[in-house]
Amino acid sequence: MALVCWLTMVGSVMAVQPDIPRAFLAGDWEQMAALIHQLTSYATDPVPRMILSYAMTLYNRNNEARIFSDSVYDEDERLRFIDWADSVYAANPENAVAAFVAADANRRGFRLKAQRDERDNTEMMWETVAIYHKTVQLQPGFALAYERRGRAFFALRQNDSA
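Conventions and cut-offs
- Residues numbered from 1 in each chain as written.
- Predicted model: local features only at pLDDT ≥ 70, side-chain atom pairs only at ≥ 80, totals over all residues.
- Heavy atoms only, no water.
- Buried < 20%, exposed > 50% of the residue type's maximum accessible area, 1.4 Å probe, protein only.
- Helix = DSSP H or I, 4+ residues; strand = E, 2+ residues; numbered from the N terminus.
- Phe/Tyr/Trp six-rings, centres within 6.5 Å; stacked < 30°, edge-to-face > 60°.

**Digging into unusual backbone geometry**
When glycine is set aside, most residues are seen to have a negative phi, and most peptide bonds are trans.
Then comes step 1: Of note in this structure, asparagine 60 is not a glycine but carries a positive phi near 55 degrees.
Then comes step 2: On the accessibility criterion, asparagine 60 (60% relative accessible area) is exposed.
Then comes step 3: Positive phi, close to 60 degrees, is recorded for arginine 157, a residue that is not glycine.
Then comes step 4: One can find arginine 157 in the segment after α10 (143-155).

**Here's the deal with the packing of aromatic side chains**
Then comes step 1: Going through the model one piece at a time under the given rule, you end up with nine aromatic pairs.
Then comes step 2: For the ring pair phenylalanine 100 and tyrosine 132, a centre distance of 6.2 Å and an interplane angle of 55 degrees mean the geometry is tilted. Of this pair, phenylalanine 100 sits in helix α8 (residues 96-117) while tyrosine 132 sits in helix α9 (residues 121-138), placing them 32 residues apart in sequence. Side by side, phenylalanine 100 and tyrosine 132 carry an identical accessibility label, which is buried.
Then comes step 3: Ring geometry for tryptophan 126 against phenylalanine 153: centres 6.0 Å apart, planes inclined by 75 degrees, an arrangement best described as edge-to-face. Of the two residues, tryptophan 126 is situated in helix α9 and phenylalanine 153 in helix α10; the sequence distance between them amounts to 27 residues.
Then comes step 4: Residue tryptophan 126 is classed as partly exposed on the basis of its relative accessible area, which comes to 37%.
Then comes step 5: Taken together, the ring pairs in this structure connect Phe24, Trp29, Tyr54, Phe81, Trp84, Phe100, Tyr132 and Phe142 into an aromatic cluster.

Here you go:
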């Protein structure tokens, strides 16, 4: 199911490298980065660029992470990444990596998604906090999930919880 969901949402870019979804769900960021770099068309798809951003962040290569993250600036691309992340999480609700990426995608673009879906910003951010919380329950050592959950609390002006 997860592989089908991945290939459906990402399309031809990831279809040529089916090991990427397996590496993603396993949290093997190094393998994902290596496999994505082998794709000649990854630069045109926001999903692999954002995955590379996470991989670079987790390996403390922050300048590269920022380059990949900032390359997904167009609203349509950001919403496409959020929708992809949500669909992978829906197909894999007990996977910490899928939960983290869905929460983080929604934290980064919650205003866009709230506007598109005609929902309340604060309500959506609280949903994001809940997904980060689930992430750390599923994988208690996932330090980046704790840090990003703190950012979400800060956005909600819940500084004592951050």
